[in-house]
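Report on the structure
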Amino acid sequence: MHNGIIENFLDLKKKLEAEGHIFASQTDSEVIPHLIEVGLSKGNDFEEAFRYMARQLKGSQAIVALSQSPERVLCGIRLGYAGGLLIANHKGETILGSALPAMVPLFEQDMSSSHEVVFLESEEMVTVTRSNTIYQNLDGHMLGKEPVSVAVSDLSSDKGNYSHFMLKEIMEQPDVVGATFKEREDFYNKTISLSDFQISDADVLNLTRVILVGCGTSLHAAQVGRNWIEEFAGIPASAESASEFRYNHLTVDSKTLVITIGQSGETADTIAAMEHALSKGARLITICNSEGSQATRIAESTLNMQAGLEIGVASTKTFLASLCTVLILAMYLGQIRGALNSLQMGVLIENLSTLPRILGDLLGDTGKYKDLAQIISGYDDLLFLGRGTHVPIAYEGALKLKEISYIHAEGYAAGEMKHGPIALIDSNMATLALAPKYQLYDKMLSNILEVKARDGMVAAILTEGDVELGSRVDVAAYIPPVPESLLPMVLTIPLQLVAYYVALAKGCDVDKPRNLAKSVTVE
Ligand code: AGP
């Protein structure tokens, strides 16, 4: 098994072919058995031949190979940080997997206990024989690997009464949000305490820059969080795509706090970005939903998302958990730096305490988004428009729709529409506008009218009671009036549900969309 990319495979293949090896495919993975064969031909046993193979490869990957000899030796190795590899023992069997969720069906056979797993780091290898399991490095030196205990209750993969994990996970969001705030907010003293944040107050006061880093949905959470760090903590902040972070020539030093966001903690681009941040001397924390994952092992501190296991490939509850965690963190930094006074802090904390209830009420009546979904499912192209902190929410809505329903959708800053995308608007183009009543409502209204004037179909998410705008768009769904700091979370719910219902209407595999993996462990 091979998970990753062999960067020098063309050179290796050329050399092997010159030596007489015949290849049956175009894949980079095929050089692996050929190299093991070369290792064996040098008189090595299978384990040493496997190590020989691993030493020839460039790039990040995980590899597992089984010998054909009667001893049936199984070897696995992790090279670099793409492609996780972990080892569990279950009823006398040794199981290798790429990430904890892969172990869930196995663990569920024994719900009463916790399970011990060993995570491999880069250039660490496991050899499993019928009698034992040993760990060595690439040079063959023995390693004493400590197992990590994983609570089975944290890994429940039961769909319950729901038809899809995605819907179940959307429905869990009020609880997830509550768990994120619990024990971090002091409602009496109006303060935030983050016991898992290990950077001293003095160092927080010295920070000159915050960079939030993530991929996909986690990048969108970083983009919203960037605004909150600036607004509530008063620190210059930017959000960067993890896959570009290393190449962007950003000024990163010991006064920079890099915050990575990730559901899996195993995304190769995010891990590479973390390594880069450390190499520049930055302070590094991660907001993560997978305890024991690579990201949590690299970061100085981990702020756990408290979302529980997410199975649906489309991230939902971990997006909301990321948003809430980064919001709490922004408030915490603002508290230390004196950027938020106690009155402002009190209002924010009170507002946050209402969020689980508001989300619960919204999710109590999911049917109201079905009409909107029905109409949208008839279009092939969609623009998601928002302004301010809602721009990344528009990006997220578009990502959710395209990944599970395969409809082309783009998120856009509504004010940017007139600089290009407006040329696309006609009766075949649908627009989903985020237009709740808040400070940028009037600007959004003008953008909606621009689309209507060009025959575009407009679906809108509006604030309850906005009859005026409701009558001017083609179809509307409503959210309750909420304070501005809660809008990114509240607006996300209709977008998730619309994506879900559109995918259902189109007969798509909601939980396992084509071409996608839950955790992208290759660069
Ligand atoms: C979102 O629905 C996708 N599954 C994808 O964009 C995901 O957010 C991205 O691959 C990052 O994953 P991570 O949060 O585990 O790092």
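Every value quoted in this text rests on a predicted model; they were computed, and no experiment measured them.

Focus on the site of the ligand
Looking at the ligand, there are 15 residues lining it, with S218, Q263, S264, T267 and E403 nearest. Within the backbone of T217, an N or O atom sits 3.1 Å from an oxygen atom of the ligand. Within the side chain of T267, a nitrogen or oxygen atom sits 2.5 Å from an oxygen atom of the ligand. Here the ligand loses 92% of its free accessible area of 410 Å² to cover by the protein chains. Listed by contribution, the elements that provide at least two residues to the shell around the ligand are helix 8 (216-233) and helix 15 (391-405).

Details of the sheet that holds strand 18 (residues 408-413)
As summarised here, the arrangement of the 5 strands in space is 18-17-19-20-21, forming an open sheet in which the pairing is parallel. Each edge of the sheet is formed by a strand with only one pairing partner; in this case those strands are strand 18 and strand 21 (475-479). On average, each strand axis in the sheet is inclined to that of its neighbour by 20 degrees, with strand direction left out of account. Looking at chain direction, strand 17 (residues 381-386) and strand 19 (residues 429-435) are connected through 5 bridges and run parallel. When the sheet's bridge partners are listed, D381 is paired in strand 19 with M429. Together, strand 17, strand 19 and strand 20 (457-463) form the strand contacts of helix 16 (residues 441-453), whose direction differs from that of strand 19 by roughly 170 degrees.

Considerations on the pattern of salt bridges
Per the counting criterion, the structure on display carries 18 salt bridges. Here R297 ties to E121 by a salt bridge, and the two come within 2.6 Å at their closest N and O atoms. Residue R297 is found in helix 11 (residues 294-298), and its partner E121 is found in the loop between strand 6 (114-119) and strand 7 (124-128); the two are separated by 176 residues along the sequence. When salt bridges that share partners are traced, they join E48, R51 and R55 into one network.

Observations concerning helix 16
Counted at 1.5 Å a residue, the expected span for helix 16 with its 13 residues is 18 Å, and the 18 Å between its end C-alpha atoms agrees. Residues Y441, M444, N447, I448 and V451 constitute the buried set of helix 16. Buried positions in helix 16, seen along its axis, are confined to an arc of 120 degrees and lie on one side of it. The exposed set on the far side of helix 16, more than 90 degrees from its buried face, consists of D442 and A453.

A closer look at the packing of helix 12 (residues 317-337) against helix 13 (residues 342-363)
Direction vectors running N to C along helix 12 and helix 13 enclose 170 degrees, while the axes themselves pass 11 Å from each other. As the angle between them shows, helix 12 and helix 13 are arranged roughly antiparallel. Side by side, helix 12 and helix 13 meet where L320, C324, L327, I328, M331 and Q335 of the first sit next to M345, L348, I349, L352, L355 and L359 of the second.

Examining the side chain of E396
Within the element layout of this structure, E396 appears in helix 15. Polar side-chain contacts of E396 include one of 2.7 Å to the side chain of K400. Setting aside residues up to four positions removed in sequence, E396 forms contacts with T217, H220, S315 and F319.

What about the environment of C288?
One can find C288 in strand 15 (residues 283-288). Overall, the relative accessible area of 1% leaves C288 in the buried class. Sequence separation between C288 and T325 is 37 residues; the distance between their C-alpha atoms is 9.5 Å. Ignoring anything within four residues of it in the chain, the contact list for C288 reads G262, Q263, S264, G265, S293, T296, T302, L303, N304 and M305.

Section: helix 6 (residues 173-181)
What helix 6 keeps buried is the set Q173, P174, V176, V177, T180 and F181. Buried residues of helix 6, viewed axially, fall in a sector of 165 degrees; they line one side. In this fold, the buried residues of helix 6 make contact with helix 5 (165-171), strand 10 (185-186), helix 12, helix 13 and helix 18 (487-505). E183 lies just past helix 6 and shows a positive phi near 65 degrees.

Remarks on the packing of aromatic side chains
Here a ring pair, both rings aromatic, is described through the centre-centre distance and the interplanar angle of the planes. All told, the structure shown has 2 aromatic pairs when counted by the stated rule. Here F197 and Y332 contribute two aromatic rings whose centre-to-centre distance is 5.4 Å and whose plane-to-plane angle is 70 degrees, an arrangement assigned as edge-to-face. One end of the pair, F197, is in the loop between strand 11 (191-192) and helix 7 (201-206); the other, Y332, is in helix 12, with 135 residues separating them in the sequence. Of the two residues, F197 and Y332, both sit in the buried class. Taking the ring centre of Y441 as reference, the NZ or CZ of K437 above it sits at 4.8 Å. If you follow R514 out to its NZ or CZ, it ends over the ring of Y406, 3.8 Å from the centre.

What counts as what
Residues numbered from 1 in each chain as written. Predicted model: local features only at pLDDT ≥ 70, side-chain atom pairs only at ≥ 80, totals over all residues. Heavy atoms only, no water. Near = heavy atom within 4 Å. Polar contact = N/O pair within 3.5 Å; in protein donor to acceptor, adjacent residues only side chain to side chain. Areas by Shrake-Rupley, 256 points an atom, 1.4 Å probe, with all protein chains shown as cover. Helix = DSSP H or I, 4+ residues; strand = E, 2+ residues; numbered from the N terminus. Pairing = 2+ DSSP bridges. Axes fitted to C-alpha atoms, helices over the stretch in contact; angles between N-to-C directions. Contact = heavy atoms within 4.5 Å. Salt bridge = Lys/Arg side-chain N within 4 Å of Asp/Glu carboxyl O. Expected span 1.5 Å × (residues − 1). Buried < 20%, exposed > 50% of the residue type's maximum accessible area, 1.4 Å probe, protein only. Arc of directions from axis to C-beta. Parallel < 35°, antiparallel > 145°, perpendicular 65-115°, else oblique. Phe/Tyr/Trp six-rings, centres within 6.5 Å; stacked < 30°, edge-to-face > 60°. Lys NZ or Arg CZ within 6 Å of the ring centre and 35° of its normal.

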